[in-house]
Amino acid sequence: MKHISSTIFLILIIILQPCFGQKVKKPQVIVYGSDLLAFSVAVQSAKSSVPTIWLMEGEQLLPEFSTEEVQIETMPHTDGGIWMELLMEMALAKSPDDSLAKIVKWEMNPRLFQNAVEKVLRKLPQLTVLRGEDVLSVKRRKRDWEIQLSSKHKYVVRCVVDASQNQKLSGLADITWTGDVEPIQPLDALTLAQVRTLVAGGQIGDALYGARLSNILGGEKDGFFNFRGVSELLDENIALSPLRAAVGQAVGATAAYLAFFKTSADKVDVRKLQTELMTYNARILPYQDVAINDVHFYALQRFGLAGVLPNLHKDDGFRFQKDEHVSFDEVEPIFDRLYSRSQLWFLDNTGDYFQWRDFLSLIKFVGLRGDEVDQQIAKEWSSKLKFEGSFDEEGYVSRYQFAVIMDRYANPYVKAVDQQGDFIN
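Quick notes on the rules
- Here, residues in each chain are numbered from 1, in the same order as that chain's written sequence.
- Only residues with pLDDT of at least 70 are given local features in this predicted model, and only at 80 or more are side-chain atom pairs given and counted; all residues enter the totals for whole chains, interfaces and linings.
- Excluded from the side-chain calculation are hydrogens and water; included are all heavy atoms of the structure.
- Strands qualify as paired when DSSP identifies two bridges or more between them.
- A run of H or I in DSSP counts as a helix once it spans at least four residues, and a run of E counts as a strand once it spans at least two, with each numbered from the N terminus.
- Aromatic pairs are defined between Phe, Tyr and Trp rings, using the six-membered ring for Trp, whenever the two ring centres lie within 6.5 Å; interplanar angles under 30 degrees are classed as stacked, those over 60 as edge-to-face, and all others as tilted.
- For the exposure calls, accessible area comes from a 1.4 Å probe over protein chains only, and a residue counts as buried if that area is under 20% of its type's maximum, exposed if over 50%, partly exposed in between.
- Any Lys NZ or Arg CZ found within 6 Å of a ring centre and within 35 degrees of that ring's normal is scored as a charge over the ring.
- Start and end positions for the domains come from either an automated domain assignment or a database one.
- Any two residues whose heavy atoms approach within 4.5 Å are treated as being in contact.
- By buried area we mean how much accessible surface two parts lose on assembly, using a 1.4 Å probe and totalling the loss over both.
- One speaks of a salt bridge when a side-chain nitrogen belonging to Lys or Arg is within 4 Å of a carboxyl oxygen belonging to Asp or Glu.
- The term polar contact refers here to a pair of N or O atoms within 3.5 Å; inside protein, the definition further demands a hydrogen-donor-capable atom paired with an acceptor-capable atom, and it admits residues adjacent in sequence only when both atoms are side-chain atoms.
- Ten residues, namely Ala, Val, Leu, Ile, Met, Phe, Trp, Tyr, Cys and Pro, are considered nonpolar, four, namely Asp, Glu, Lys and Arg, are considered charged, and the remaining ones, Gly among them, are considered polar.

As annotated in an unreviewed UniProt entry, the protein carries the name FAD-dependent oxidoreductase and comes from Sphingobacterium haloxyli.

Student: Which parts of the structure should I look at to understand the pairing of strand β10 (residues 207–212)?
Tutor: Looking at chain direction, strand β8 (residues 185–186) and β10 are connected through 2 bridges and run antiparallel. In the sheet register, Q185 faces β10, and the bridge partner there is G210. As judged from the 6 bridges shared by strand β9 (residues 198–204) and β10, these two strands associate in the antiparallel manner. Within β10, the position partnered with L198 by the bridge is R212. Taking the residues between adjacent antiparallel strands as the criterion, β9 and β10 are bridged by 2 residues, where G205 takes a positive phi near 65°.

Student: Sorry, what's going on with the packing of aromatic side chains here?
Tutor: For any pair of aromatic rings, the description consists of the separation of the ring centres together with the inter-plane angle of the planes. Tallied over the entire structure, the rule returns 29 aromatic pairs. Here the aromatic rings of F354 and F402 are separated by 5.8 Å at their centres, their planes lie at 55°, and the arrangement is tilted. Of this pair, F354 sits in the loop between α13 (342–348) and α14 (356–367) while F402 sits in helix α16 (residues 399–409); the two residues are 48 residues apart in sequence, bridging distant segments of the chain. Relative accessible area serves as the criterion here: at 0%, F402 is assigned to the buried category. Taking NZ or CZ as reference, K272 lies 5.6 Å from the ring centre of F261, over its face.

Student: How should the sheet that holds β9 be read in this particular structure?
Tutor: Backbone-to-backbone hydrogen bonds pair the strands of a sheet. The strands run either parallel or antiparallel. Read from one edge to the other, the open sheet built from 3 strands follows the order β8-β10-β9, with strand pairing classed as antiparallel. Each edge of the open sheet carries a strand with a single partner, namely β8 and β9.

Student: Can you help me understand the domain arrangement of the protein in this one?
Tutor: Frequently, the measure chosen for interface size is the accessible area removed from exposure when the parts meet. We note that the domain assignment places domain 1 (23–286) and domain 2 (296–424) within the protein. The straight-line distance from the C-alpha centre of domain 1 to that of domain 2 is 33 Å. Between domain 1 and domain 2, the residue contacts involve 29 residues of the former and 24 residues of the latter. With both sides pooled, the region where domain 1 packs onto domain 2 buries about 2200 Å², and carbon together with sulfur makes up 60% of that total. Of all residues in domain 1, the largest losses of buried area upon contact with domain 2 belong to R196, R271 and L285, amounting jointly to 31% of the total for that side. Between domain 1 and domain 2 we count 0 salt bridges in total. The interface formed by domain 1 and domain 2 includes 13 residue pairs in polar contact (both at pLDDT 80 or more). Every element with two or more residues in the side of domain 1 that touches domain 2 is listed here: α7 (192–195), α8 (213–217) and α10 (270–279). Looking at the side of domain 1 that touches domain 2 residue by residue, the classes come out as 18 nonpolar, 5 polar and 6 charged.

Shown next as structure tokens:
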């Protein structure tokens, strides 16, 4: 019997040894804080395939949602990304839905919310959560940061994000912040160039605001991030939750970008960062007239971020104005920057508003395409494109249709922009 027991023990050691000996991936990003802001940063960093540690100040996950039922009422169509994922987990829904999100926000049960948080965390093999940890020191090394914890553990990482309410780590780190930080602005106050660099959007008070990459980087130095560039979001007001989560997600993606590519903030490619965020369902442009389950939702997001139509973002409530017509005059200046060939087309073609025959001629000219484009659009008009009515070359092109077809056949979003939103030639 003793011999059998010893044999079984040895077999178990052999079987289990690879598991015990498995090398743990070295963390590259550390996020400090306990609330929704820290959660969103840490989750996105891990989603971006970067080994991440989330250091929680206390034991409770997102304490602002844990003690009592919470009600959040915001403008329609402002939920997205990680925040929407939590809401849909609470509703046991498989895909994002604005109407369902509104219902869930109206009665947010603490137990259901905690369950949703834990479900999201369980899906992230790149994320390690350490609760109740106190940070003793934050020191800059050559290219990394050294974090000393009260538990005697020490970590050396590429990026540190201080998402705590009191910005504690910012006080521990020996960093001198210079220059004023431009606050986030209402969406309707942004120029087209500024819109091209947006990484998050949402509601503050009675207005919709946009956070640009420059707002995020206003709190970054040598891979250390705080929230001085978006200080409005350190407010504990529960109504700010959708925007706090959106900005946290953007910060997490930015920190992961620096760590993954081993680069500095001035090298961040705006389009790569925005694409990463949209890959994880971020709602960067909260158009009030575009639902998240619209079949062309992300085509409209990309088109909006390309900044093709100059008056697209000025309407009350930040609407796409889907049914409005598109004029030659408003498009020509941007087309000249996007596609040099378009100058020749506009010399030979004039008009007030685009009809389909004009628009398809332009698309084929700048995209170097043939008449197969006309045939494909006519064939897929109702089935794949989901456009209303029937295809008519004499009909006027709506903004919605213009954006969808542009994204599909000419894709202005891929045109590179710098961190100020100007096109790079």
